[in-house]
Amino acid sequence: MMAHRVHRSTPNSNSVLALALVISLSFNAFLILQKYQITISIDEKQLIPTPTTKDKFGSSLKIHGYSAELNVSIDSQERGDSSTQLLAIKDPQQIASNETSNYHIVFIGDSILRYSYLEWLDTIQFSRSPKNYSPNTLINEKLSSSWHEYFINTTTHFKGNMFCDCRRSEEFDLNVEVENLYYQTDNLWATYIQLPGDNMAHGRFSPEECSLAKVSIADGPDKDTSGYTWGYMGEDSDKLISEYVSQFSRKPSAIVMNAGMWPNEGIASNLGNIFKAAKDVLGSEGKMIWRATSKRKHDLVASTSPADDAAKDWSYRLPYLTYHAFPKLEISPSEYFDDNHFGNSRIYREWNADLMQSLGTSLEARKRSHRVFIIVGAVRTLHQTEESILENMIFPICPPPDCVSHLVLHLSYADNRPSTENHDGESISADGDKRRDFFENASWAEGYLSVHRLDGYEIGSQGEQSAMDVMEKEEPEEVAKRMKIFRISDPRRYSMWFARAWAWRHVLNLHDLFDFDFFTFGRPDLLWLIPVPTLEFFKDFSEDESTVWMHDAYFSFAPDTFAFIQNFEAANKYFSLPLLVQKGGACIGGPNFDRNLTISRLKIANIVTDDDDWCSNESEGWSEHTLLRKMKKV
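A brief structural summary. Because the structure is a prediction, the values reported are computed rather than measured.

What to know about the overall build of the chain
A tally of regular secondary structure across the chain gives 16 helices and 23 strands. In the chain, the proportion of contacts linking residues at least 24 apart, taken out of those at least 6 apart, comes to 77%. Here the chain displays about 27400 Å² of accessible surface, and carbon together with sulfur accounts for 49% of that area.

What about the packing of aromatic side chains?
One pair of aromatic rings is described through two measures. These are the centre distance and the angle between the planes. Applying the stated criterion to the full structure yields 46 aromatic pairs. Ring plane angle 50° and centroid distance 5.3 Å describe the contact between Phe 107 and Trp 120, whose orientation is recorded as tilted. With Phe 107 in strand β6 (residues 103-109) and Trp 120 in helix α1 (residues 111-125), the pair connects residues that are 13 residues apart, well separated along the chain. You can call Phe 107 buried: its relative accessible area is 0%. Ring geometry for Phe 521 versus Tyr 574: centroids 6.4 Å apart, planes at 50°, classification tilted. Remark: Tyr 574 occurs in helix α13 (residues 568-575) and Phe 521 occurs in strand β20 (residues 519-522); sequence separation between them is 53 residues. Residue class for Phe 521 comes out buried when judged on its relative accessible area of 0%. In this structure Tyr 574 comes out as buried when scored by relative accessible area, which is 7%. Cluster of aromatic residues (ring-pair linked, three or more members): Tyr 115, Trp 147, Tyr 150, Phe 151, Phe 326, Tyr 336, Phe 337, Phe 342, Tyr 348 and Trp 351. The aromatic ring of Tyr 115 is capped on one face by Arg 114, whose charged end is 4.6 Å from the ring centroid. Above the plane of the ring of Trp 502 lies Arg 505, whose end atom (NZ or CZ) is 4.3 Å from the centre.

Here we look at the packing of helix α3 (residues 237-244) against helix α5 (residues 271-282)
Between α3 and α5, the least distance of the axes is 8 Å, while the angle of their chain directions is 15°. Classified by the angle between their axes, α3 and α5 sit roughly parallel to one another. The hand of the α3/α5 crossing is left-handed. When α3 is examined against α5, the residues Ser 237, Asp 238, Ile 241 and Ser 242 are found in contact with a partner set consisting of Asn 273, Ile 274, Ala 277, Ala 278 and Val 281. A breakdown of the residues in the contact of α3 with α5 according to their chemical character gives five nonpolar, three polar and one charged.

A short note on the environment of Leu 195
Within the secondary structure layout, Leu 195 lies in the loop between β9 (188-194) and β10 (200-203). Classification of Leu 195 as buried rests on a relative accessible area of 0%. In this structure the C-alpha to C-alpha distance between Leu 195 and Ser 237, which are 42 residues apart in sequence, comes to 9.0 Å. If we ignore the near neighbours within four places in the chain, the residues touching Leu 195 are Ile 108, Gly 109, Asp 110, Met 200, Ala 201, Tyr 232, Gly 234, Ser 237, Met 257 and Ile 267.

Remarks on the pattern of salt bridges
Proximity of charged atoms lets side chains of opposite charge pair with each other. Summed over all chains, the structure comprises 24 salt bridges. Note that Lys 583 is salt-bridged to Asp 612, the shortest N-O span being 2.8 Å. Residue Lys 583 is found in the loop between α14 (577-581) and α15 (595-604), and its partner Asp 612 is found in the loop between α15 and α16 (623-633); the two are separated by 29 residues along the sequence. Residue Lys 583 is classed as partly exposed on the basis of its relative accessible area of 35%. It is possible to trace a salt-bridge network through shared partners that takes in Arg 482, Lys 583, Asp 610, Asp 612 and Asp 613.

Quick look at the nonpolar core
One finds Ile 374, Phe 498, Ile 565, Tyr 574 and Leu 577 to be the most contacted residues of the largest nonpolar core, which totals 47 residues. Considering each element in turn, this core owes the most residues, 11 residues, to helix α11 (residues 491-514). Every residue in contact with Ile 374, bar those within four places of it in the chain, is listed here: Val 408, Ala 503, Trp 504, Val 507, Thr 520, Phe 521, Gly 522 and Phe 575.

Structural notes on the state of the cysteines
Summed over the entire model, instances satisfying the criterion amount to three disulfides. Disulfide pairing places Cys 398 opposite Cys 403 at an S-S distance of 1.8 Å. Here Cys 398 and Cys 403 share a disulfide; its torsion about the S-S bond, -95°, makes the bridge left-handed. The disulfide bridge from Cys 587 ends at Cys 615, spanning 2.0 Å between sulfur atoms. Because the sign of the S-S torsion sets the handedness, a value of about 95° for the bond joining Cys 587 and Cys 615 places this disulfide among the right-handed ones. Of this pair, Cys 587 sits in the loop between α14 and α15 while Cys 615 sits in the loop between α15 and α16, and the two are 28 residues apart along the sequence. Residue classification places Cys 587 among the buried positions, given a relative accessible area of 10%. Cys 615 sits in the buried class, given a relative accessible area of 13%. Numbered by order of appearance in the sequence, the disulfide-linked cysteines of the chain pair as 1-2, 3-4, 5-6.

Observations regarding a negative patch on the surface
A contiguous patch of negative charge on the surface is contributed by Glu 170, Glu 171, Asp 173 and Asp 219. Relative to the helices and strands, Glu 170 is located in the loop between β7 (162-167) and β8 (178-184). For Glu 170, a relative accessible area of 46% corresponds to the partly exposed category.

With respect to the packing of α11 against α13
Where α11 contacts α13, the axes come no closer than 9 Å and their chain directions differ by 155°. One way to sum up the angle between α11 and α13 is to call them roughly antiparallel. In the packing of α11 onto α13, the handedness of the crossing is left-handed. Side by side, α11 and α13 meet where Arg 500, Ala 501, Trp 504, Leu 508 and His 511 of the first sit next to Phe 568, Ala 571, Asn 572 and Phe 575 of the second.

Brief notes about the sheet that holds β8
Strand order in this open sheet of seven strands is β7-β8-β9-β6-β12-β13-β14, and the pairing throughout is mixed. Single-partner strands in this sheet number two, and they are β7 and β14 (321-324). Going across the sheet, the axis of each strand differs from the next one's by a mean of 10°, ignoring polarity. Across seven bridges, the pairing between β6 and β9 is parallel. Looking at the pairing, His 104 lines up with Trp 189 of β9. The strands touched by α5 within the sheet are β12 (254-257), β13 (287-291) and β14, with β13 carrying the most contacts at an inclination of about 145°.

Regarding helix α6 (residues 306-315)
The element α6 is extensively covered by neighbouring structure, given that eight of its 10 residues are classed as buried. Listing the buried residues of α6 in full gives Ala 307, Asp 308, Ala 310, Ala 311, Lys 312, Asp 313, Trp 314 and Ser 315.

Criteria and cut-off values
- Residues numbered from 1 in each chain as written.
- Predicted model: local features only at pLDDT ≥ 70, side-chain atom pairs only at ≥ 80, totals over all residues.
- Heavy atoms only, no water.
- Helix = DSSP H or I, 4+ residues; strand = E, 2+ residues; numbered from the N terminus.
- Contact = heavy atoms within 4.5 Å.
- Areas by Shrake-Rupley, 256 points an atom, 1.4 Å probe, with all protein chains shown as cover.
- Phe/Tyr/Trp six-rings, centres within 6.5 Å; stacked < 30°, edge-to-face > 60°.
- Buried < 20%, exposed > 50% of the residue type's maximum accessible area, 1.4 Å probe, protein only.
- Lys NZ or Arg CZ within 6 Å of the ring centre and 35° of its normal.
- Axes fitted to C-alpha atoms, helices over the stretch in contact; angles between N-to-C directions.
- Parallel < 35°, antiparallel > 145°, perpendicular 65-115°, else oblique.
- Left-handed = near helix turned anticlockwise from the far one by under 90°.
- Nonpolar A, V, L, I, M, F, W, Y, C, P; charged D, E, K, R; others polar.
- Salt bridge = Lys/Arg side-chain N within 4 Å of Asp/Glu carboxyl O.
- Core = buried A, V, L, I, M, F, W, Y, C linked by side-chain atoms within 4.5 Å.
- Disulfide = S-S within 2.5 Å.
- Patch = residues over 30% accessible without salt bridge, like charges linked within 9 Å, V, L, I, M, F, W, Y side chains within 5 Å.
- Lys, Arg positive; Asp, Glu negative; His and termini not counted.
- Charge placed at Lys NZ, Arg CZ, Asp CG, Glu CD.
- Pairing = 2+ DSSP bridges.

Take a look at the structure:
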């Protein structure tokens, strides 16, 4: 079998949000992500840049203008007792993807976004087929005799559903120009607010008055000279959202934003607060979509702006944020009407495909993902870590309404800790006074968290031994023998590995039902101080879907405290106990190891071992080394 080397990926200077900060309440460790490849060979390299932090426990994360204080307060009080429940699953209601009932989509950005907005609305209102494109007059003002005529035509095109707070002189002047569009039907509202980069967004009508918005003359003796009732500079878009957008009578369900080709360093510097304001307005199920700069006429590929780069980084940390890069479309120079703007609505239609899917307005059904989170271990500190697991480990990877989280719990109220005095560790019995159902009252969108509680056993109990007997009977004789060797020679560490494999047996049954597309393992004693990266991060920085991500505290080893795994095949290998105990994986030995006692126990069990079954030194028996050898071997 070919040996595969484990590696860490090369840092990307732009991916400054790749920090995963956790504390093990057992070991008090400060951890950063690293990744391991279990099917390909590459060299070891350094991994992920870390954002600037003040210290481990009261960190100040300052990235792209957003300062988030990460002070941790641990509430050690119990939250009540309840009886154990074997299985509690809630299936989410199916949401028809082509229904836009009560939607309100808010677009904030430049003229490119305006044309994209108009094409998107036209396709929806007139139910256009894939090749039935919107009229080019909708996305090219040059086909109208004046800006005033263009505003009138694009407003009346929507047959009374569009209101336009519009005024623009033929001699371009940002102080005069205003173009805010308000589309309103019973089922769908869509608002466009013109924001030319770091310049000012402004208007003459409040959200309550938007149905009074009108097209005004900007030139000649009858020109309208009325002033604005509101205005916000681009870098203050957080206030635009919190003070203006929040006032619409129909709550926004999504905000689509870009900065385009205008100067946008100010927006970039404050983008964290802009996204935070958006989240506050959108609520728990709202979406934030950032659209990157489109391709200019004479460019080979689209270039990104400072705000685009910042938004891309934030998409690795904020699960409600989607970053849409400009797609690779075939566009001829003749399909532009100037250096920046497309004159063919086909381009906007194809560009809007991702937008249609993200907003749920596509005629194709939106697939709801199912992802599994496996928590295995003793519960001694779970009352302190439970909330952080939900908010900072599960939610970023599987946010509603596009994803259903399956939380598989294999928990023990008893425990076995390392001991320098005892080869078998220090046993801690279950404390009946602290028993309760964890995650029972989780604050989660209805139907999007399925809690699967294994009918398990206590660590060190006869129930654990019976479960081990069951698994050994399921395996071929040679594999069962290898499992027995480590069950007898290293009962404490084997108990840990076995518990994870036992939980995986349950996941295998669930996978047949839900076809999980992402797998996460974590110990219950990990306190997650900030959100883990979103799926966007794992997709962008993994060589392929076989990449397994872990924390980067041990550098040359493979830590066993948590893992992010991108496909079923890799997860099946990661949790496999037969692969762990094969030759070249686990070895007999390790910390606090009593060789004479082990030899005696193996002899009593009539088990014969080979010389290469034994560790050559203590460190070879560390669980981190064992996992590393297993991953290399498979």
